[in-house]
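Structure assessment
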Protein chains: 2
Amino acid sequence: MNKKQLIMEKSLELFAQKGFEGVSIQQITDYCGISKGAFYLSFKSKSELIVALIDDFMMQIVDDIDHSVKNSTSNENLLYEFYFTAFHSTEKHSDITKILIKEETHPFNKDLLHKMIYFEELIKNTIIALVEKLYGDELKHMKYDLVYCIRGFIKTYSQFLLFHQIPVDISLLSRSLAEKTSLLARHSSIPFITKDLMEVTKGLIPEEPTKEQLANLLEQKISELENSVQKESLELLSQELLEPSLQRALIKGLIENIRLHPHCKEISYLLRNYFKM
Amino acid sequence: MNKKQLIMEKSLELFAQKGFEGVSIQQITDYCGISKGAFYLSFKSKSELIVALIDDFMMQIVDDIDHSVKNSTSNENLLYEFYFTAFHSTEKHSDITKILIKEETHPFNKDLLHKMIYFEELIKNTIIALVEKLYGDELKHMKYDLVYCIRGFIKTYSQFLLFHQIPVDISLLSRSLAEKTSLLARHSSIPFITKDLMEVTKGLIPEEPTKEQLANLLEQKISELENSVQKESLELLSQELLEPSLQRALIKGLIENIRLHPHCKEISYLLRNYFKM
DNA sequence: TATAATAATGACCAACCAGTCATATGTCAA
DNA sequence: TTGACATATGACTGGTTGGTCATTATTATA
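Per an unreviewed UniProt entry, the recorded name for chain A is TetR family transcriptional regulator, and the organism is Jeotgalibacillus proteolyticus.

Here it is as structure tokens:
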């Protein structure tokens, strides 16, 4: 296996158990069965590993949730599906989620801090899209308040799922929260979180990447991948980016194709936003 | 000033900024203007300092909240008052609250872990008392679900208050949450957190102290205190504990007296429970 | 097979840590 | 003034850390 990949996957387990500062490079290399020096051939420092981890795995969760919101056809079960996807994804990627929760309150590194703020912003944008899809302009001044509540629900119950080793009925939880959310949306009238307050807490604007940046990212991914449907899809999307010609349905299909590859989630997410799918 | 007290107060600031593991004994002693050796005259180890901190300051918050619930006369504004007290108290003791939030997900020490579980349990008990006072048996199967939601609200918004340095209208926040809570209590029907689920997550039962333990604790506090109304009150309560004679109103008054002393909050809380006030 | 290039090793380094202890300073009473 | 006791000091120990680098092993090329 790719050594970089090996280190990332093994260290993820350790970090989830003991937090970043609780795991030494020595422990990681022992666990991987490699030497300490070999580690530094793959990563310049411990921080770089951590940032790489967050980058890679974080996007898988964001993409899962965002995809479920953007691709739901009926509004009937949207709330339920949203919560279900969110909890399902946090369980599937429980290691990285544990890390995100653990390090959230004192990220030991500037880079890491920025990644986490960026992550938070993406999730928030998805929730905003969800709320707008469901309630349009009905909510008005309660909109951002509701968004923050939903985010709070997800955080609170994710923590419950991850830190108590009890088998839990996610479906029930999602129904319960969907009901609660719907209640709050329809009846609450005193907003605490306003648009202004939410802006202030932003900290970092997740800049939309330019067409050129996207093209470069695609180029890079293409060179990394083996020949496969995903590679072909990426190449077609790369062409489409530079010279638009395909119909929307085709583009959407291509983006769906690359979503299947776990390390193309970020690209998939960015393209979906770029092509406004 | 008492050296032990000095160390506790100064180190609290540092810990709140950087977390327990981010602060060395050397940094603490430098910040206090004492030598490293002097630290170990007051505390056997770093852990002991941390446990002492949690013990002392944690109870101040628990007592504040518990007191507001147990002493409210009308149910009209109880929810609002409860939230207001909770947020007011977390702001007043922002340093210790930051520590509690930061260390919650990976307490670096068994003792600390137990303290935190104990703390969580006390808060939960207070919320249960709140819910029962407000809704009695009406809620039935939604009771524990509501309790968990309330706890979630407090955590979510405490984090918001403490980690964004924005001036915030706690009163508005409390009204907003009181409305939300009331909505959930009256209309939600799908419980996720059941009594069983809440039991499982307990981990540690906060054992009610026996009469003898309480008496010892009182004795100790009495010897620590200077002559004052508080000391007198403690002595009277100590007598009352061994040979009941006073009327409830008098006992209640005495307990109120000792609440005024910041380091008698725990005693006050325990006595209030013992005498079922 | 010989040579060059790349991958991997682990002893080593400086920095930091919690905790110790011989020594020094201050403070009483006799 | 003396001596006994409590208080305070900071150099020191043993251990861990992230990170380096001269050396060795492996692979590719010719």
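Having put the structure on the table, let's press on.
Points about the overall build of chain A
Looking only at helices and strands, one finds 14 helices and zero strands in chain A. Along chain A, helices (α) and strands (β) appear in the sequence α-α-α-α-α-α-α-α-α-α-α-α-α-α when read from the amino end. The globule rule puts the C-alpha radius of gyration for 277 residues at 19 Å, and the 20 Å found for chain A is close to it. Residues classed as buried in chain A amount to 53% of the 277 residues present. When contacts within chain A are restricted to residue pairs at least 6 apart in sequence, long-range pairs at least 24 apart make up 71% of them. Per element, the accessible surface of chain A, about 13,000 Å² overall, is 52% carbon and sulfur. Computed over 33 positive and 39 negative side-chain charges, the inter-centroid distance for chain A is 2 Å.

Notes on the relation of the copies chain B and chain A
Both copies of the chain are related by a screw-like operation: a rotation about an axis and a shift along it. Mapping chain B onto chain A is achieved by rotating through 180° and translating by 0.0 Å along the same axis, at an RMSD of 0.1 Å. Considering both components of the superposition, the chain copies are consistent with a two-fold axis.

Considerations on the state of the cysteines
One way to say it: the disulfide is the covalent bond shared by the sulfur atoms of two cysteines. Inspection of the entire model under this criterion finds zero disulfides over all chains. Here A:Cys149 is not disulfide-linked; the sulfur of B:Cys149 is the nearest cysteine sulfur, at 9.9 Å.

Thoughts on the packing of helix α8 (residues 143-163) of chain A against helix α9 (residues 170-187) of chain A
Residues and elements named next belong to chain A. Packing of α8 against α9 leaves a shortest axis separation of 11 Å and a crossing angle of 160°. Taken as axis vectors, α8 and α9 run roughly antiparallel relative to one another. Judged by the sense of rotation from one axis to the other, the crossing of α8 with α9 is right-handed. Only Leu 173, Leu 177, Lys 180, Thr 181, Leu 184 and Ala 185 of α9 make contact with α8, whose side of the interface consists of Leu 146, Cys 149, Ile 150, Phe 153, Tyr 157 and Leu 161. Partitioned by chemical class, the residues of the contact of α8 with α9 number 10 nonpolar, one polar and one charged.

Looking at the UniProt feature "DNA-binding region" (unreviewed entry) in chain A
UniProt's feature table lists "DNA-binding region" (unreviewed entry) at residues 24-43 of chain A, given in the numbering used throughout. The annotated region residues 24-43 of chain A carries 75% helix and 0% strand content, and the separation between its end C-alpha atoms amounts to 14 Å.

So, the nonpolar core
Ranked by internal contacts, the top residues of the largest apolar core, which has 181 residues, are A:Tyr157 and B:Tyr157. The element that contributes the greatest number of residues to this core is helix α4 (residues 46-71) of chain B, accounting for 12 residues.

Here we look at the interface of chain B and chain A
The interface of chain B with chain A comprises 37 residues on the first partner and 37 residues on the second. Between chain B and chain A the total buried area reaches about 3,600 Å² when both faces are included, carbon and sulfur atoms providing 72% of it. Taken together, chain B and chain A are joined by two salt bridges. Put simply, A:Lys180 and B:Asp145 hold a salt bridge, and the shortest N to O gap is 2.4 Å. For the pair chain B and chain A, the number of links is eight residue pairs in polar contact (both at pLDDT 80 or more). By residue number, the principal contributor to the side of chain B that touches chain A is helix α8 (residues 143-163) of chain B, which donates 10 residues. Broken down by class, the residue content of the side of chain B that touches chain A amounts to 19 nonpolar, 11 polar and seven charged.

Some thoughts on the packing of aromatic side chains
Counted according to the given criterion, the structure contains 23 aromatic pairs over all chains. Ring geometry for A:Phe15 versus A:Phe20: centroids 4.6 Å apart, planes at 75°, classification edge-to-face. Judged by relative accessible area, A:Phe15 falls into the buried class, the value being 0%. The class of A:Phe20 is buried, set by a relative accessible area of 0%. Taken together, the ring pairs connect A:Tyr148, A:Phe192, B:Tyr157 and B:Phe160 into an aromatic cluster. Sitting over the face of the ring of A:Tyr31, A:Lys10 holds its NZ or CZ atom 5.1 Å from the ring centroid.

A look at the protein's contact with DNA strand D
Taken together, 14 residues are adjacent to DNA strand D, and A:Ile25, A:Lys36, A:Lys46, B:Lys3 and B:Ser35 come closest. Of what DNA strand D places within 4 Å of the protein, 52% of the atoms are sugar or phosphate. In this structure, B:Lys3 approaches DNA strand D through a side-chain N or O atom, which is 2.8 Å from a phosphate oxygen. The separation between a phosphate oxygen of DNA strand D and a polar main-chain atom of B:Ser35 is 2.8 Å. Elements with a contribution of two residues or more to the surface near DNA strand D: α3 (36-42) of chain A together with α3 (36-42) of chain B.

Quick notes on α9(A)
Residues and elements named next belong to chain A. For α9, with 18 residues, the first-to-last C-alpha span of 25 Å sits near the 26 Å given by 1.5 Å per residue. Among the 18 residues of α9, 14 are classified as buried, and the element is accordingly described as predominantly covered. You can read the cap of α9 off the contacts: a side-chain oxygen lies 3.1 Å from the backbone nitrogen of Ser 171, and it is on Asp 169.

Notes on the protein's contact with DNA strand C
Near DNA strand C lie 14 residues; those nearest to it are A:Lys3, A:Ser35, B:Ile25, B:Lys36 and B:Lys46. Within the side chain of A:Lys3, a nitrogen or oxygen atom sits 2.8 Å from a phosphate oxygen of DNA strand C. B:Lys36 places a side-chain nitrogen or oxygen 2.6 Å from a base oxygen of DNA strand C. Elements that contribute at least two residues to the surface near DNA strand C include exactly α3 of chain A together with α2 (25-32) and α3 of chain B. Examining the composition of the surface near DNA strand C, we find that three residues originate from one element, α3(A), more than from any other.

Observations regarding the pattern of salt bridges
All names here are of chain A. The final tally for this structure, using the stated rule, is 26 salt bridges over all chains. Measuring nitrogen to oxygen at the nearest pair gives 3.1 Å for the salt bridge that ties Lys 115 to Asp 55. On the criterion of sequence distance, the pair formed by Lys 115 in helix α7 (residues 110-135) and Asp 55 in helix α4 (residues 46-70) is long-range, its members being 60 residues apart. Of the residues examined, Lys 115 reaches a relative accessible area of 23% and is grouped as partly exposed.

Focus: helix α5 (residues 78-92) of chain A
Residues and elements named next belong to chain A. Along its 15 residues, α5 runs 20 Å from first to last C-alpha, staying within 8% of the 21 Å computed at 1.5 Å per residue. By the burial criterion, the buried members of α5 are Leu 78, Leu 79, Phe 82, Tyr 83, Thr 85, Ala 86, Phe 87, Ser 89 and Thr 90. Looking at the buried side of α5, the elements it contacts are α4, α6 (94-104), α7, α8 and α9.

Here is what the cut-offs are and how they apply
Residues numbered from 1 in each chain as written. Chains lettered and ligands numbered in written order. Predicted model: local features only at pLDDT ≥ 70, side-chain atom pairs only at ≥ 80, totals over all residues. Heavy atoms only, no water. Helix = DSSP H or I, 4+ residues; strand = E, 2+ residues; numbered from the N terminus. Rg over C-alpha atoms; globule rule 2.2 N^0.38 Å. Buried < 20%, exposed > 50% of the residue type's maximum accessible area, 1.4 Å probe, protein only. Contact = heavy atoms within 4.5 Å. Areas by Shrake-Rupley, 256 points an atom, 1.4 Å probe, with all protein chains shown as cover. Lys, Arg positive; Asp, Glu negative; His and termini not counted. Charge placed at Lys NZ, Arg CZ, Asp CG, Glu CD. Least-squares fit on C-alpha atoms with pLDDT ≥ 70 in both. Disulfide = S-S within 2.5 Å. Axes fitted to C-alpha atoms, helices over the stretch in contact; angles between N-to-C directions. Parallel < 35°, antiparallel > 145°, perpendicular 65-115°, else oblique. Left-handed = near helix turned anticlockwise from the far one by under 90°. Nonpolar A, V, L, I, M, F, W, Y, C, P; charged D, E, K, R; others polar. UniProt positions renumbered as here; feature names shortened; annotations may be inferred. Core = buried A, V, L, I, M, F, W, Y, C linked by side-chain atoms within 4.5 Å. Buried area = accessible area lost by both parts, 1.4 Å probe. Salt bridge = Lys/Arg side-chain N within 4 Å of Asp/Glu carboxyl O. Polar contact = N/O pair within 3.5 Å; in protein donor to acceptor, adjacent residues only side chain to side chain. Phe/Tyr/Trp six-rings, centres within 6.5 Å; stacked < 30°, edge-to-face > 60°. Lys NZ or Arg CZ within 6 Å of the ring centre and 35° of its normal. Near = heavy atom within 4 Å. Expected span 1.5 Å × (residues − 1).

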